[in-house]
Each structure stands twice: as structure tokens, then as C-alpha cells.
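# Structural characterization, general
One-letter residues, chain by chain:
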Amino acid sequence: MASGEGFLTDEQREMLKIASQNVETALPSPRLSSSPKSPTSLLSDHQLKVPAGGKAPTGGIAVRHVRRSHSGKSIRPCKFYLLYNWLAHLGPPVNKNGQPDIKDGAGGKGTWGKLLDTDGESHIDRNDPNYDSGEEPYQLVGSTISDPLDEYKKAVVSIIEEYFSTSDVEVAASDLKDLGSSEYHPYFIKRLVSMAMDRHDKEKEMASVLLSSLYADVISPPQIRDGFVMLLESADDLAVDILDAVDILALFVSRAVVDEILPPAFITRAKKTLPESSKGYQVLQTAEKSYLSAPHHAELLERRWGGSTHVTVEEMKKKIADLLREYVESGDTFEACRCIRELGVSFFHHEVVKRALVLAMEIQTAEPFMLKLLKEAAEEGLISSSQMVKGFARLAESLDDLALDIPSAKTLFQSIVPKAISQGWLDASFMKSSCTDGEAQNEDKKLDQYKKEIVTIIHEYFLSDDIPELIRSLEDLGLPEYNPIFLKKLITLAMDRKNREKEMASVLLSALHIEIFSTEDIANGFVMLLESAEDTALDILDASNELALFLARAVIDDVLVPLNLEEITSKLPPNCSGSETVRMARSLITARHAGERLLRCWGGGTGWAVEDAKDKIMKLLEEYESGGVVAEACQCIRDLGMPFFNHEVVKKALVMAMEKKNDRMLDLLQVCFNEGLITINQMTKGFTRVKDGLDDLALDFPNAKDKFSFYTEYAQKKGWLLPSFGSSATEALPTAAAS
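Residues numbered from 1 in each chain as written. Predicted model: local features only at pLDDT ≥ 70, side-chain atom pairs only at ≥ 80, totals over all residues. Heavy atoms only, no water.

This next bit is on the overall build of the protein chain. From N to C terminus, the protein chain includes 39 helices and 0 strands. By residue count, 42% of the 739 residues in the protein chain fall in the buried class. Of the roughly 39,700 Å² that the protein chain leaves accessible, carbon and sulfur atoms contribute 52%. (Helix = DSSP H or I, 4+ residues; strand = E, 2+ residues; numbered from the N terminus. Buried < 20%, exposed > 50% of the residue type's maximum accessible area, 1.4 Å probe, protein only. Areas by Shrake-Rupley, 256 points an atom, 1.4 Å probe, with all protein chains shown as cover.)

A word on the pattern of salt bridges. One pass over the full model with this rule turns up 25 salt bridges. Taking the shortest distance from any N to any O, the salt bridge between lysine 619 and aspartate 615 comes out at 3.5 Å. Remark: aspartate 615 and lysine 619 occur in helix α32 (residues 610-625); sequence separation between them is 4 residues, near one turn of the helix. Using a relative accessible area of 46% as the deciding quantity, one classes lysine 619 as partly exposed. Sharing partners across several salt bridges, the network here consists of Glu205, Arg255 and Asp259. (Salt bridge = Lys/Arg side-chain N within 4 Å of Asp/Glu carboxyl O.)

In this model, helix α5 (residues 148-166) (19 residues) spans 27 Å end to end at C-alpha, consistent with the 27 Å of a helix rising 1.5 Å per residue. Along α5, the residues classified as buried are Leu149, Tyr152, Val156, Ile159, Ile160, Tyr163 and Phe164. In an axial view of α5, the angular spread of the buried residues amounts to 130°, which keeps them on one side of the axis. Opposite its buried face, α5 presents the exposed residues Lys154 and Ser165, each directed more than 90 degrees away. On its buried face, α5 sits against α6 (169-179), α7 (185-197) and α8 (201-214). (Expected span 1.5 Å × (residues − 1). Arc of directions from axis to C-beta. Contact = heavy atoms within 4.5 Å.)

Next up on the list: the environment of isoleucine 678. Examined against the element boundaries, isoleucine 678 turns out to sit in the loop between α35 (664-674) and α36 (680-692). Through-space distance from the C-alpha of isoleucine 678 to that of valine 650 is 8.5 Å; in sequence the pair is 28 residues apart. Leave out the neighbours within four places in its chain, and isoleucine 678 touches Asn646, Val649, Val650, Leu669, Cys672, Phe673 and Met683.

Within the fold, glutamate 534 resides in helix α27 (residues 533-539). The class of glutamate 534 is exposed, set by a relative accessible area of 55%. Spatially, the C-alpha atom of glutamate 534 lies 6.9 Å from that of serine 577, the residues being 43 residues apart in sequence.

Below, the discussion takes up the side chain of arginine 255. Within the element layout of this structure, arginine 255 appears in helix α11 (residues 245-258). Excluding anything up to four places from it in sequence, arginine 255 contacts Glu205, Ser208, Val209, Leu301, Glu302 and Trp305.

All chains considered together, the criterion is met by 13 aromatic pairs. Seen in terms of ring centroids, tyrosine 450 and tyrosine 482 are 5.0 Å apart; in terms of plane orientation they differ by 55°. Their pairing is tilted. Highlighted residues: tyrosine 450 in helix α22 (residues 429-464) and tyrosine 482 in the loop between α23 (467-477) and α24 (483-495), separated in sequence by 32 residues. Relative accessible area serves as the criterion here: at 6%, tyrosine 482 is assigned to the buried category. Following the ring pairs from residue to residue traces out a cluster consisting of Tyr152, Tyr184 and Tyr187. In this structure, lysine 271 is placed above the aromatic ring of tyrosine 281, and the distance from its NZ or CZ to the ring centre is 5.7 Å. Over the aromatic face of tyrosine 624 sits the side chain of arginine 664, whose NZ or CZ is 4.8 Å from the ring centroid. (Phe/Tyr/Trp six-rings, centres within 6.5 Å; stacked < 30°, edge-to-face > 60°. Lys NZ or Arg CZ within 6 Å of the ring centre and 35° of its normal.)

Okay, the confidence of the model for the protein chain next. Across the protein chain, pLDDT averages 76, with 75% of residues at or above 70. The least confident element of the protein chain, judged by mean pLDDT, is helix α3 (residues 61-64) at 40; the most confident is α7 at 92. In this model, residues 28-81 is a region of pLDDT below 50 whose contacts with residues beyond four sequence positions or in other chains number 60 contacts. This stretch, residues 102-120, has a pLDDT under 50; its non-local contacts, to residues over four places away or in other chains, come to 26 contacts. (pLDDT = per-residue confidence, 0-100.)

Here we come to α11. With 14 residues, α11 extends 20 Å from end C-alpha to end C-alpha; this agrees with the ideal 20 Å at 1.5 Å per step. With 13 of 14 residues buried, α11 lies mostly within the body of the structure. Immediately downstream of α11, the backbone of glutamate 260 shows phi near 65°, a positive value.

For the rest of this paragraph, the subject is the packing of α23 against helix α25 (residues 499-515). Look at α23 against α25: their axes get within 11 Å of each other, and the N-to-C directions meet at 55°. Put simply, α23 runs oblique to α25. Like other packed secondary-structure pairs, α23 and α25 cross with a definite hand, here right-handed. Of the residues in α25, those touching α23 at Ile467, Leu470, Ile471 and Leu474 are Val507, Leu508, Ala511, Leu512 and Glu515. A per-class count over the contact of α23 with α25 returns 8 nonpolar, no polar and 1 charged. (Axes fitted to C-alpha atoms, helices over the stretch in contact; angles between N-to-C directions. Parallel < 35°, antiparallel > 145°, perpendicular 65-115°, else oblique. Left-handed = near helix turned anticlockwise from the far one by under 90°. Nonpolar A, V, L, I, M, F, W, Y, C, P; charged D, E, K, R; others polar.)

There is a patch of like negative charges on the surface, built from Glu622, Glu623, Glu632, Asp639, Glu659, Asp696 and Asp700. Among the secondary structure elements, those contributing two or more residues to the negative patch are α32, α33 (630-640) and α37 (694-700). You can see glutamate 659 is positioned in helix α34 (residues 646-660). Note on glutamate 659: relative accessible area 46%, which makes it partly exposed. (Patch = residues over 30% accessible without salt bridge, like charges linked within 9 Å, V, L, I, M, F, W, Y side chains within 5 Å. Lys, Arg positive; Asp, Glu negative; His and termini not counted. Charge placed at Lys NZ, Arg CZ, Asp CG, Glu CD.)

Look at helix α9 (residues 221-233) against α11: their axes get within 11 Å of each other, and the N-to-C directions meet at 165°. With respect to each other, α9 and α11 are oriented roughly antiparallel. In this structure, α9 crosses over α11, and the sense of that crossing is left-handed. The residues of α11 that touch α9, namely those facing Phe228, Leu231 and Leu232, are Leu249, Phe252, Val253 and Ala256. Residues of the contact of α9 with α11, tallied by class, amount to 7 nonpolar, no polar and no charged.

Of all hydrophobic cores here, the largest spans 96 residues; its most connected members are Phe486, Ile491, Phe526, Leu551, Leu560, Ile568 and Phe687. Counting residues per element, this core draws most heavily on helix α28 (residues 543-556), which supplies 9 residues. Both domain 3 (445-599) and domain 4 (610-718) contribute no fewer than three residues apiece to this core. The contacts of isoleucine 568, once residues within four sequence positions are left out, are Ala523, Phe526, Val527, Leu530, Leu551, Leu560 and Val582. Counting residues in hydrophobic clusters, the runner-up holds 61 residues, among them Ala172, Val257, Ile261 and Ala287. (Core = buried A, V, L, I, M, F, W, Y, C linked by side-chain atoms within 4.5 Å. Domains from an automatic or database assignment.)

One can find histidine 647 in helix α34. Taking relative accessible area as the criterion, histidine 647 reaches 7% and is therefore assigned buried. A polar atom in the side chain of histidine 647 sits 3.1 Å from the side chain of arginine 689. Excluding its chain neighbours within four sequence positions, the residues that come into contact with histidine 647 are Gln682, Lys685, Gly686 and Arg689. (Polar contact = N/O pair within 3.5 Å; in protein donor to acceptor, adjacent residues only side chain to side chain.)

Let's shift gears to unusual backbone geometry. The backbone of serine 181 shows a phi angle near 50°, a positive value even though the residue is not glycine. Phi at aspartate 558 takes a positive value of approximately 65°, unusual for a residue other than glycine. Mapped onto the fold, aspartate 558 is located in the loop between α28 and α29 (562-570). Exposure remark for aspartate 558: the relative accessible area of 13% places this residue in the buried category.

Structure, rendered in C-alpha cells:
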């Protein structure tokens, strides 16, 4: 023992002796394992604590040699391992001088060897019988979810940078096509312009040229529009980094209009979507007033950044005209295509198409040459299909002017189009659009004239309150297909005025519905109003509430029926402000005492309360019953100015007929119905109200039910009542007979 323990100090030798004794006494009895002197307790004193996260450290011999069964339960270590682990915590051996004696080898005289290294690093042996995969160190690796839009934005930056370096439009277009994700193209436009804004004029010009080249071929017109809208919305942010951002962005917008990739109407429409205090609104104002309204603005904008070819628009047009005339003389199609390619203005190829067609009309012998050139240019991909269609469309728009110099221009053009389509170098969709272009222009002119006329008519009505005169004016126009447009204009003008005009508009709708407007006309007019509700709200703050009142009032006045509200909703986009207005109108109609409230929402046609109106109706009927003239009674009903309340006239006339036992009231109702003074809806509503109150009337007039049955049969013979009233009326007849 002495020889085996010569490397221990006396203190360590004593501790080893005590530990050996404790191990022998501890193993047989588990209860003694908690002895303060036991190796297990000594081991627990030296073990590392488990962190709060619950993951035990992987380093250390003690952890490595804890055995587990397949069931997951811990197995008591053998005597050797208990002693072995205890020794590991005594510290390293010492040499003769009392210093730690650790060698890097796997053993040797006076060392514990590699087995007892306690440097905190764990070396797990998968061949160890006690190997547990749960002791393997692991690390959580976070994976980021890639956003397709973010990836797209990164990719287009590289495309734009490369384009600014190479000036190669075709490569940029090809790269953008290969990138896919065409739904994100508006972001490309925003990035291209915003990057160019912070660079020299060369890059600004290149950006405009690229946009014109990509237009229709790679990026659709709506995407071009959306991209510029995004730029306008971010103008405030761009102005932080670029001092003259407003002016530069106005130039880009103006250039896009001149290059015909944005329509001129874009500026007006975009203004409605932007706050007046925003930089985007200032951009549009600058573009409209400073650039697009200037004389010769197209040439100025083309040269503003030097131009892609450093020539003016007029010079470019002259170059195109010259090469086409040379081609007519030489007939060399290959040379002509080469010259077109050298122009380097692919976005301006529609001018080549237009001038080639004009030349074909001017010189009859030139037509076969021009058609051959356009056909080969299209087949080679030199002139894109969109540029070809654009060239034909530009010529179609100017045919009227061209016919002054070339009388047969329209006939020649109409003969060229079918040839181009049959040979495959003009899109077939152009035929449909070209056939309707002239009609559409005439229709637009007619509609514009109609709108001007009806504005004058409506203003005169608001001054005179003369409904018959207004109806005569509309009949003189002779355009009943535009009735919905009249309704839209009437209510729009009334909404911007006082309650008097609003009331007059509602009363007029009732009269028009009786005379010349169908229910479909009125429903379609309200659909047009609701579709433009968001634009109307820009000028009239309370437009939504006002429209809801007009719609609800139309139902109360029997101009529309509740079912029409469902039809109107079905024609509107889901979740739009117009749909919300219809819901608001429906809630107004279903509210308690809705009829009375809506009749007085703008003061009423005469400003009377409902009770006052009932009193006047009673008096005029009494006057008529006492020997008055039918025409006078009708005029009094008309003077009430409440056609939506005529069902009360019907009800009181029937009740008075029962009371007086005099059928003269039926003669009055007949005249009112024949003149259209009381509509079939109002007549049916009046009969319904009497039927609903028959039980109460029978208390005062015992034969009320018999009389009502007689009146109903008479009204049905005369056609006063809706067919739907027949079933409910016949159900009441047996009851009347039984009583």
C-alpha cells in the first residue's frame, strides 16, 4: 500500500482511507447514502449546478459516467466508479515539491493519466457502453423565413445597377422577365426612379428610356400607374434625402405622360387620392402647371436630361421619315431594319409604324414596300407587338385630320388593317377596338353635350321649381338611355346645396318615376352614384350620409322598393363605401317611424308635418265630396307636393266612401290614377292600409268589410292594384262574407 500510495500526501492518504471505509458501509444500505462523509455526498458537493434553463452542463466526468437503463431510470454506480469519481474531485496529483504534476500523456509514473483530466471539456465516446445520445451537445439554429417581396427588391437593385453601367435595355428587360414575380413590377418602377433621382442626368434619362421600353411588353400599363402612385405616396420620404425631389419627380411624371406610358388623366385622378399638404400633391401640381402646360413641352421634356440619342423629338421624326423614303427608293428591307435598329429608340418605334402607314397612303406604289418592312420588323422582334398596335392606334386617332390631305385615308386604313392581322404582325384585338374607336368618340361627344345640357336644366329647375318644364326639356333631348346619368348629376348637384334643393331633388325623382323614368333607370343611377361615392366625398364631407338619405327617401316615396336595394348592392364591389351607404339606408328604412322621419329629413316639400298633411288631405276630400270638381281636387292633391304620401289620400278616400256611403270617391281615384297623379304602388299601399285596419273600421261601420271587398274588386278590374295584392285580398273575402 505504501508503494502504491507514495505519490499521495499524508492528508490525502488519510482521506482515502476514510472514503474506502464509508463506501463499504454505504453500498449495502441506501439509507446511509446521505451521510455527510459518503462519497455520494462529497460528489454532490462538488457537482456543478444546473442552470435555470434546465439544461445540464455537458462537461465533467461525473455527468459522463452516470448510467441509465433503457427505461430511463438511473442505475446505482459500482463501488469503483464511486471511488473513482470522488478521487477526481480531490484535485490533481502533486510532485515532490508539492506542485501539481499533470502530464499531457495518457499515463505514466507519478500521474493519474489522461483518464482523470478535469479541464471542463467533454469527450463523448459513442462506443462507450454507457453512451447516452441525450448527452450530445446541441445548438438551436434559427432559420429565417424569406419574404418574396424582399428577395425581389434585392434582385431588382442589381438589375438597375447593371443597367446604369451598361445602358443595355434588352438585357435589363430580359433579366426582369427572368426574375418573374410580375405582380411586384410596381416596386421595380419605384426603385428605378428613386435610384435615378439621386444620380446624374444620364441615369435619369436612362430610367425614362427603360420605362418606355418595358411599357406593355414587360410591365403592364396598370403596373406603370401603380408604380408612379407609390412614388407619389413616398415623395415626403424622398424629399428628406433629395432636396429637389418634388421637381425631379414632377419631371419623371411629365416625361411618362409625354412618352405615353401614363395617360394625361392620371394627374387628375391621382390628385384625388393624395392630401393637398403632401409632397406627392405638389409633384402633380408642378408637373401639370410647370411642365405639361408649357409651349412645346414635349420637346423640352425630351431634351431635359440630354435625351437618349441627344436629338430632339422633331429631329428623331425627321430621321425616321428620311430612312423610310430611302427604303421606298432602294427597296432594301435589310438595310431599313438596320437603320431602325441604329436609331436606338425602341420605345419610339410606334412613330416608325405610324409614318410608314402614312407614307403608304400618300404614295400608292409605296404600300407593298411599307407592309413588307413592318411585317419583317415584327417577325424579327425589332418592332414589338405593343409598339405596332400603338402606331396603328395613333394613326386611327388622326384619320379625320389626315383625310383633309388624303381623302381616301379611312378607306385605305380599313383595307390595311385586315391584311396586317391576317399576316400575323398586328394583334387581332386591334380590329375590335379600331372598329369602335370612331363610334366611341362620337358617343363621348354626345355624352359631353348631354351633360352640359342637363346641368343647365337642373339649375333652372332649382330656380323655378317647375317640374313639368323640366320633364318637357328632358323629352326634347330625346336620350332616355342617359336617364341614370341625369339622376346622378341631379343628386350630386343637390348634395352640394341647401335642404331646399335636396327636397326638390327627391320630389323630382318621384315625378320622373311616374312620367319618364323606369325603376331600372333610377336603380342604375344610384349604382353610378355609389360607385363614385369615394370621389364625391372628397368634395362633400357628409356625402355618405346624404346618399343614404336620398336612397332611403326613394324607397319611402315608392320610387324604389326594398328589393332594389339588394340589386344595387349586388352591382357594387364588395366592402366598398357604396355598400356601406346601402346598409345605412336600409337601417334608416327599418327604423321606427321611418316614413315620417324620412319625409321630414329635409323639411318636406311644403315644410308641413305629417299631421298637417293628413289634415289638408281630409279637408280637400271633404270639399270634393260636398260637390267639388274632380279637376280641382286633383290640383289640390298636386299642390300638396307630397306624391310619396298619396297612399294617405287613397286610404282616407276609401274610409270616407264607407262613412258617407257614397262612391264618388272612386271616381276621384280613377282620375288620379289615369293622370298618373297616384301611382299603382301608392294605390296598393293605400288599400293595404285600409285592409289592415278593417277590424277597427268595422266597429264604426258594420258593413266595412263588405264595402272593402267591393272596392277591391272594382280596383282590380280597373288595374289600380299590383297583382301581389290579389292573393291577400282574396284571403280577406271569406272573412268578410263570414262576418
